[in-house]
Amino acid sequence: MNTQAAHRPSWAEPYKIKSVELIRMTTREEREQAIREAGYNTFLIRSRDVYIDLLTDSGTSAMSARQWAGLMMGDEAYSGSDNFYHLQDAVREYYGYKHLVPTHQGRGAENLLSQIMIKEGDYIPGNMYFTTTRLHQELAGGIFVDVIIDEAHDPASRHPFKGNVDMQKLDQLVQKVGADHVPYISLEGNVNMAGGQPFSMANLRELRSYCDQHDIPIMLDATRTIENAWFIREREEGYADKTVREILREICDLTDGCTMSAKKDLLVNIGGFFACNDEEIYRKAQNMVVVYEGLHTYGGLAGRDMEAMALGIEEAVMEEHQAARIGQVRYLGDKLRDAGVPIVNPIGSHAIFIDARKFLPHVDQDDFPAQSLAAELYLEAGIRTMERGNVSAGRDPETGKNRRPALELVRLTLPRRVYTQAHMDVVAESVEQVYLRREQIRGLKMIYEPEYLRFFQARFEPLT
Ligand code: P61
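Here goes a summary of the coordinates provided. Small disclaimer: the values here were computed from a predicted structure and weren't measured.

**Details of empty space enclosed by the protein**
- If you walk through the whole model with that rule in mind, you get 3 cavities of 30 Å³ or more.
- Taken as a whole, the largest cavity spans an internal volume of roughly 90 Å³.
- Lining the largest cavity we find Trp 11, Glu 13, Tyr 15, His 321, Ala 324, Arg 325, Gln 328, Pro 415, Arg 416, Arg 417 and Tyr 419.
- Along the lines of polarity and charge, the residues of the lining of the largest cavity split into 5 nonpolar, 2 polar and 4 charged.
- The computed volume of the second largest cavity comes to approximately 80 Å³.
- In terms of lining residues, the second largest cavity is bounded by Glu 110, Leu 113, Ser 114, Thr 133, Gln 137, Tyr 184, Ser 186, Met 219, Leu 220, Asp 221 and Thr 259.
- Elements supplying a minimum of two residues to the lining of the second largest cavity: helix H5 (106-117), helix H6 (131-139) and strand E6 (218-221).
- Taken together, the residues of the lining of the second largest cavity break down into 4 nonpolar, 5 polar and 2 charged.

Below, the structure written as structure tokens:
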């Protein structure tokens with residue numbers, strides 16, 4: 001740990017600002033028009049109409065001067081770009097996987113993994129679903145089964161490792177369908193839909209030994225696994241003196257491969273990869289990537305993007321970076337909690353999740369309380385957030401009904417290295433204002449519903 005940072009009670013950014021992007025403040029009338037035109041879906045608002053954009057931490061982080069300089073080192077050869085080899089070296093060194101196939105972003109890697117490993121009728125256990133991950137599993141003929149611990153579905157539970165796999169749930173599935181029908185277990189670091197909650201190393205070790213007995217590979221969703229490593233260091237016995245870098249490596253060494261959306265942990269605006277140790281799976285991924293993404297040494301990316309990613313890995317494992325990253329998220333979370341706003345506990349690494357069920361108990365889940373609250377936060381102050389509830393969960397393919405998930409949340413996601421503490425104060429004040437008038441907030445009716453990942457493009461109208 002950086003000694004200066006370690007002995008300070010408060011956190012601060014390990015960088016100074018060289019260049020800024022101006023943002024626009026709008027009037028209430030302008031926002032009313034913008035949200036109406038967006039069909040009350042924050043994904044459909046133009047970003048010029050947003051003041052503080054907490055829609056996502058995906059591809060929205062600020063790159064460092066050295067990453068920008070790295071862009072100029074792009075080797076834009078069609079094949080065998082130098083930047084591919086730099087990235088491959090970095091993935092081998094920090095993540096430890098032998099083989100690398102770049103992809104344009106995370107879902108490109110999920111497509112490769114799902115198509116290669118899943119057969120029609122297979123079951124894929126996972127520590128909670130992620131929207132794109134589950135869709136790719138289903139498109140490959142698989143059925144996702146949630147095996148996360150029950151505490152993950154309870155916003156009030158303070159379990160320190162809500163991302164843990166429930167070994168009993170996993171074993172029940174394997175006993176029922178047979179290990180032959182479980183091509184791999186999908187393990188996500190800092191589980192996004194649960195509120196950015198980590199798994200513990202002890203849980204991963206137990207999972208490894210179970211999977212060894214049953215010959216089931218563990219495929220990691222490494223998107224926010226460096227942030228997961230931070231929590232292991234902070235909360236798990238025996239890890240206080242290890243570095244984030246060492247813990248990351250220990251996690252990866254206990255798994256067989258990964259999909260990665262580099263747009264999060266790795267501080268880039270675009271990029272992803274699939275990585276693994278198995279030669280045969282690698283060959284298949286290398287072959288398939290040319291169908292969907294591009295040649296196996298660029299996978300839909302420019303050379304410069306791979307360079308920025310390689311440099312991003314080095315910056316993402318820096319202790320002082322993670323201290324500031326997680327410190328800022330906590331700063332906002334503590335403020336909201338102090339104001340009595342119901343949020344998911346413990347506070348995760350990438351976002352604060354407001355419990356919309358508790359915030360709007362008078363709105364039925366099929367009237368989309370979280371979607372409605374996200375629209376209200378935009379109206380209040382031009383703050384853009386994301387629904388993570390009944391709209392995101394979609395319909396059950398068997399019953400055709402809304403899934404009505406236990407978690408009905410609004411996500412306030414913090415891009416890395418982008419906003420200041422003063423922005424966080426504005427966000428907290430605005431949420432508090434909406435909380436004070438919560439009883440006047442009504443639900444929404446869905447008037448357009450796309451077939452896949454409906455939350456991105458669905459349109460709504462206010463209920464009268
Ligand atoms: C996000 F509303 N996340 O959190 P790609 N795994 C994990 C992710 O968080 C993830 C991907 C795979 C996004 C972007 C996004 O329902 C949504 O690079 C743990 O986005 O393809 C992405 O990586 C996919 C937002 C994705 C969504 C899907 O904001």
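The discussion continues.
**Some points on the packing of aromatic side chains**
- Following the criterion strictly, the structure yields 8 aromatic pairs and no others.
- Between Phe 368 and Phe 460, the aromatic rings sit 5.6 Å apart at their centres with planes inclined by 75 degrees, giving edge-to-face as the arrangement. Separated by 92 residues along the polypeptide, Phe 368 in the loop between helix H14 (356-359) and helix H15 (369-381) and Phe 460 in strand E14 (residues 459-462) bring together distant segments of the chain.
- Given the relative accessible area of 4%, Phe 368 is considered buried.
- Three or more aromatic residues joined by ring pairs make a cluster, and in this case those are Phe 43, Phe 455 and Phe 456.

**Remarks on a nonpolar patch on the surface**
- Together, Tyr 15, Ile 17, Val 20 and Leu 22 line one region of the surface with nonpolar side chains, adding up to about 470 Å² of accessible area.
- Among the structural elements, Ile 17 can be located in the loop between helix H1 (3-6) and helix H2 (28-37).
- What makes Ile 17 exposed here is its relative accessible area of 61%.

**Overview of the site of the ligand**
- Taken together, 23 residues sit near the ligand, with Thr 56, Thr 131, Asp 221, Ser 261 and Lys 264 positioned nearest.
- In the environment of the ligand, an oxygen atom lies 2.9 Å from a nitrogen or oxygen atom belonging to the backbone of Gly 106.
- Take Thr 131: an N or O atom from its side chain is 2.6 Å from an oxygen atom of the ligand.
- Protein chains shield 97% of the accessible area of the ligand, which is 580 Å² for the free molecule.
- Breaking the shell around the ligand down by element, the ones donating at least two residues are H5, H6 and strand E11 (386-388).
- Each residue belonging to the shell around the ligand can be placed in one class, and the counts come to 5 nonpolar, 9 polar and 9 charged.

**Structural notes on the sheet that holds strand E9 (residues 351-355)**
- Reading across from one edge, E9-E12-E11 is the order of the 3 strands in this open sheet, with antiparallel pairing throughout. The open sheet terminates on both sides in strands that have one partner only, identified here as E9 and E11. If you compare each strand with its neighbour and ignore which way they point, the axes differ by 30 degrees on average.
- The pairing of E11 with strand E12 (residues 409-413) spans 3 bridges and is antiparallel. Bridged to Met 386 within E12 is Arg 411.

**Re the packing of helix H9 (residues 225-235) against helix H10 (residues 244-253)**
- Interaxial distance between H9 and H10 falls to 9 Å at its minimum, and their mutual angle equals 110 degrees. By the angle class used here, H9 and H10 are roughly perpendicular. In the packing of H9 onto H10, the handedness of the crossing is right-handed. Every residue of H10 that contacts H9 at Thr 225, Ile 226, Ala 229, Trp 230, Ile 232 and Arg 233 is listed here: Val 244, Ile 247, Leu 248 and Ile 251.
- Class assignment for the residues of the contact of H9 with H10 results in 8 nonpolar, 1 polar and 1 charged.

**Structural notes on unusual backbone geometry**
- A cis geometry characterises the amide bond from Asn 345 onward to Pro 346, with omega recorded as -15 degrees.
- Here Pro 346 is to be found in the loop between helix H13 (319-338) and E9.
- If you check the backbone angles, Asp 215 has positive phi at about 55 degrees while not being a glycine.
- Mapping Asp 215 onto the fold places it in the loop between helix H8 (201-214) and E6.
- Residue class for Asp 215 comes out exposed when judged on its relative accessible area of 69%.
- A positive phi angle is found at Leu 453, which is not glycine, with a value near 45 degrees.
- With respect to the helices and strands, Leu 453 occurs in the loop between strand E13 (444-448) and E14.

Cut-offs applied
Residues numbered from 1 in each chain as written. Predicted model: local features only at pLDDT ≥ 70, side-chain atom pairs only at ≥ 80, totals over all residues. Heavy atoms only, no water. 1 Å grid on protein atoms, 1.4 Å probe; cavity = no way out; pocket = protein on both sides within 12 Å on 5 of 7 lines; lining within 4 Å. Points joined across faces, edges and corners; volume = space filled by probe spheres on them. Nonpolar A, V, L, I, M, F, W, Y, C, P; charged D, E, K, R; others polar. Helix = DSSP H or I, 4+ residues; strand = E, 2+ residues; numbered from the N terminus. Phe/Tyr/Trp six-rings, centres within 6.5 Å; stacked < 30°, edge-to-face > 60°. Buried < 20%, exposed > 50% of the residue type's maximum accessible area, 1.4 Å probe, protein only. Patch = residues over 30% accessible without salt bridge, like charges linked within 9 Å, V, L, I, M, F, W, Y side chains within 5 Å. Areas by Shrake-Rupley, 256 points an atom, 1.4 Å probe, with all protein chains shown as cover. Salt bridge = Lys/Arg side-chain N within 4 Å of Asp/Glu carboxyl O. Near = heavy atom within 4 Å. Polar contact = N/O pair within 3.5 Å; in protein donor to acceptor, adjacent residues only side chain to side chain. Pairing = 2+ DSSP bridges. Axes fitted to C-alpha atoms, helices over the stretch in contact; angles between N-to-C directions. Parallel < 35°, antiparallel > 145°, perpendicular 65-115°, else oblique. Left-handed = near helix turned anticlockwise from the far one by under 90°. Contact = heavy atoms within 4.5 Å.

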